[in-house]
Every structure is written in C-alpha cells, then in structure tokens.
Amino acid sequence: AAALSDRLPVPSRFVEKVARFSVAINLYLKRPGVLCQVMSLSLLHWALAMVLVVAFFKASGTEVSFVEVAMKLPLAIFIGLIPITLGGIGTRDAALLMVFAGSANPEQILAVGLLYTFFTYILMGIVGLPFMRAALKL
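Thresholds, definitions, all that
Residues numbered from 1 in each chain as written. Predicted model: local features only at pLDDT ≥ 70, side-chain atom pairs only at ≥ 80, totals over all residues. Heavy atoms only, no water. Axes fitted to C-alpha atoms, helices over the stretch in contact; angles between N-to-C directions. Helix = DSSP H or I, 4+ residues; strand = E, 2+ residues; numbered from the N terminus. Parallel < 35°, antiparallel > 145°, perpendicular 65-115°, else oblique. Left-handed = near helix turned anticlockwise from the far one by under 90°. Contact = heavy atoms within 4.5 Å. Nonpolar A, V, L, I, M, F, W, Y, C, P; charged D, E, K, R; others polar. Core = buried A, V, L, I, M, F, W, Y, C linked by side-chain atoms within 4.5 Å. Buried < 20%, exposed > 50% of the residue type's maximum accessible area, 1.4 Å probe, protein only. Expected span 1.5 Å × (residues − 1). Polar contact = N/O pair within 3.5 Å; in protein donor to acceptor, adjacent residues only side chain to side chain. Salt bridge = Lys/Arg side-chain N within 4 Å of Asp/Glu carboxyl O.

Colleague: Describe the packing of helix α2 (residues 32-59) against helix α5 (residues 106-136), and please don't skip the residues or the numbers.
Modeller: Interaxial distance between α2 and α5 falls to 9 Å at its minimum, and their mutual angle equals 135°. Taken as axis vectors, α2 and α5 run oblique relative to one another. Where α2 crosses over α5, the two elements pack in a sense that is right-handed. Each of A49, L52, V53, F56 and F57 in α2 lies in contact with α5, whose residues at this interface are I109, V112, L115, Y116, F119 and T120. In terms of residue class, the contact of α2 with α5 is built from 10 nonpolar, 1 polar and no charged.

What follows is the structure, given as structure tokens:
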C-alpha cells in the first residue's frame, strides 16, 4: 500500500506519514537480515506476553492454554490501543473480560488484567525512569 500511495486516494493529512512509512519499508527491504531480526524480536515479545498471561491465569487459579491466549490476547491489546483511557487501562481490561468470558470467572480475568497492566506498563515504566534520566541528561 505504501508503494502505491502515489496512485491511491490518500487523505492529505496522511500523505507525509505514508511517505515516511514507505521510506522505512524500503530501507527494511534493502536489508532483509535486519527485517528478519526485527520480526523475530517482535514475535518473541508477543510470545513472552502470552506466556506471562498464561502464568497470570495459573496464578489466579485457572488453566488457560497458550493457544487460547494466543488467539484472544492480541484482540484485547489492540482494543486497549483505542485512545479512550490512559495506556488502555480499563479498556483493555474490559476487552479481556469479554474475550476470556468462557475461560475463567470475571474476578480471575480482572486479576489477570490488573497484573498484566502492572507488570507490562507500570513496573516497566518505573524500571525505565533511570534510563530516561540518563537519556535526557538530567
């Protein structure tokens, strides 16, 4: 789509973004090894997030398979990306309640959502503060 952007009716407010995206894609296509590394790291990140959620379900007292989490978690995370709340907190939890409704009781699903939010957003943000300070040279 980025390669065809000059022939597609792209709204004017997106033209610059599509052009920058096209430049990035072309750089990756020129270096397939780098593209493969980026894709591998992304898949590893998703797999680790799913393992984390499986562990959270187990800690809450229910068994949910990795395959089920792999099918449902991305949907809940993408729903949490809708810019309604800060960091998707609440939106993602509601989506988790909907998608895992038949797998565990609501209390367990809410516990998983809160643990996921704490460990992947809040705790990682706190851990990253010293690095932010160093990056900003404060």
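Colleague: Let's hear about the nonpolar core: which residues, and what values?
Modeller: Of all hydrophobic cores here, the largest spans 18 residues; its most connected members are V53, F57, V69, L73 and F100. Of all the secondary-structure elements, those providing two or more residues to this core are α2, α3 (66-80), α4 (91-99) and α5. The leading source of residues in this core is α2, at 5 residues. Not counting residues up to four positions away in its chain, the partners in contact with V69 are M50, V53, V54, F57, V64, P74 and F100.

Colleague: Outline α2, listing residues and values.
Modeller: When the terminal C-alpha atoms of α2 are compared, their 40 Å separation across 28 residues agrees well with the 40 Å that a helix rising 1.5 Å per residue should span. Buried residues in α2 make contact with α3 and α5.

Colleague: Explain the side chain of T62 to me, using residue names and the numbers behind them.
Modeller: Mapped onto the elements of the fold, T62 is located in the loop between α2 and α3. Classification of T62 by relative accessible area gives buried; the value is 14%. Once residues lying within four places of it in the same chain are set aside, the contact partners of T62 are F57, S103, A104 and Q108.

Colleague: Could you give an account of the side chain of Q108, with specific residues and numbers?
Modeller: For Q108, the position within the fold is in helix α5. When its relative accessible area of 14% is taken as the criterion, Q108 is described as buried. Reaching out from Q108, the side chain makes a polar contact with the backbone oxygen of S60 at a distance of 3.0 Å. Ignoring anything within four residues of it in the chain, the contact list for Q108 reads S60, G61 and T62.

Colleague: Explain the pattern of salt bridges residue by residue, including any values.
Modeller: Applying the stated rule across the entire model yields 1 salt bridge. Taking the shortest distance from any N to any O, the salt bridge between E68 and K72 comes out at 2.8 Å. Of this pair, E68 and K72 both sit in helix α3, 4 residues apart, roughly one helical turn. Residue E68 is classed as buried on the basis of its relative accessible area of 18%. On the basis of relative accessibility, which here comes to 21%, the residue K72 falls in the partly exposed class.

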